[in-house]
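Analysis of the macromolecular model
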Amino acid sequence: MRRYRILHTTTLTYDVPVRSSHNELRMTPINEPGQTTLENRIRIRPLTWSTVYRDHFGTHVTSMESLPAHDRLTIEAISTVERADPAEWPFSPGWAALADPTVQDRHFEWLMVTSRTRPGAGIADLAAGVRDRATPRDAALALAEQLRAEMTYRAGVTGVQSSGEQAWAEKSGVCQDFVHVTIGALRSLGIPARYVSGYLVPKRDAEVGDTATGESHAWVELWDGGWIPIDPTNGAPVGADHVVVARGRDYDDVSPFKGVYSGAGTAILTVAVTFTRLA
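Here we summarise the structure given alongside this text. It should be emphasised that the depicted structure is a prediction, and the values quoted were computed from it without experimental measurement. (Residues numbered from 1 in each chain as written. Predicted model: local features only at pLDDT ≥ 70, side-chain atom pairs only at ≥ 80, totals over all residues. Heavy atoms only, no water.)

Quick notes on the packing of helix H4 (residues 136-150) against helix H6 (residues 175-188)
Filter applied, for reference: The axes used here are C-alpha line fits, helices contributing only the stretch in contact, and every angle between their N-to-C directions lies in the interval 0 to 180 degrees. Under the scheme used here, helices are H or I runs from DSSP no shorter than 4 residues and strands are E runs no shorter than 2 residues, and both carry numbers assigned from the N terminus. Here roughly perpendicular refers to angles of 65 to 115 degrees, roughly parallel to angles under 35, roughly antiparallel to angles over 145, and oblique to all remaining angles. The hand of a helix crossing depends on one turn: near helix anticlockwise from the far one by less than a right angle means left-handed, and clockwise means right-handed. Note on contacts: a residue pair is in contact if any heavy atoms of the two residues lie within 4.5 Å. Residues are grouped as follows: nonpolar covers Ala, Val, Leu, Ile, Met, Phe, Trp, Tyr, Cys and Pro; charged covers Asp, Glu, Lys and Arg; every other residue, Gly included, is treated as polar.
For the pair H4 and H6, the least separation of the axes is 11 Å and the interaxial angle reads 140 degrees. Our classification of the angle between H4 and H6 gives oblique. The element H4 and its partner H6 pack so that their crossing is right-handed. Judged by residue contacts, Ala140, Leu143, Leu147 and Arg148 of H4 engage Phe178, Val181, Thr182, Ala185 and Leu186 from H6. The residue inventory of the contact of H4 with H6, partitioned by class, reads 7 nonpolar, 1 polar and 1 charged.

As for the layout of surface pockets
Defined as follows: Every definition here rests on a 1 Å grid over the protein atoms only: cavities are sets of points where a 1.4 Å probe fits but cannot get out, pockets are open sets enclosed by protein on both sides within 12 Å along at least five of seven lines, and lining residues have some atom within 4 Å of a point. Grid points are joined across faces, edges and corners, and a volume is the space filled by probe spheres set on the points.
By volume, the largest pocket is sized at about 1,000 Å³. Lining the largest pocket we find 41 residues, and of these Val160, Gln176, Ser216, Tyr251 and Val271 sit closest to its centre. Every element with two or more residues in the lining of the largest pocket is listed here: strand S1 (2-25), H6, strand S8 (193-200), strand S9 (211-223), helix H7 (251-254), strand S12 (257-262) and strand S13 (267-277). Of all the elements, S1 adds the most residues to the lining of the largest pocket, at 6 residues. Empty space within the second largest pocket amounts to approximately 380 Å³. Lining the second largest pocket are 18 residues, and of these Pro33, Pro86, Glu221, Trp227 and Pro229 lie nearest its centre. If you list the elements that add at least two residues to the lining of the second largest pocket, you get S9, strand S10 (227-230) and strand S11 (242-248). Split by residue class, the lining of the second largest pocket holds 10 nonpolar, 1 polar and 7 charged.

Shown next as structure tokens:
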């Protein structure tokens, strides 16, 4: 068991004052087996009103507004999280289980094609190359390995609105892109897959009291008798170093910050994430 304090700071600076800023925040780590959020506070400046709820996928959402004129919006999400290594993977029922109408109905949302996860010709070919693996999880692991061999992690090539098809055409991108390509390929094989958003601890051998700069991260969960996490970007096991914040069909469902404002100002977004190991 490890305990971390995570400080996630988001700042929007406008070139001219704006008003009536309405936003949704997904910055609160969830509680589930293997992960406990002991504390979460969100500080917003300026703030007029806010409320919290859980969305359709179980993510903790803070809905907020800032009505007075402002040239800067600052959001600090401070969380204390305990994380343990995951339990052993469940027994695989094999490919036949994925053809069961009950399974398909229950996981319909995780099988649907979205604009971000649509498998173009190249992604479909990638999936076809692992279709003969013994189990869905074997196919997913082989697919992620092949993806890392052909794609390069490179920031700035794609944008926050990019799809998996666009990233695959460039053969490069960030974790969001690796996840969209993976999900598109898995769903084309009939394997339910979902997007997981959260944090990856930047210094895995940190001592108690150490602080390090990190960032948001994304990985995949696929269904094979139970939900199995894989990290297609890094190839490392998903465990105590991964902190879960949100799940969804693709990035649009889990974006940490999104909203609108009234005014002619152009915003510059900056994000900073730090981790401090507490235990």
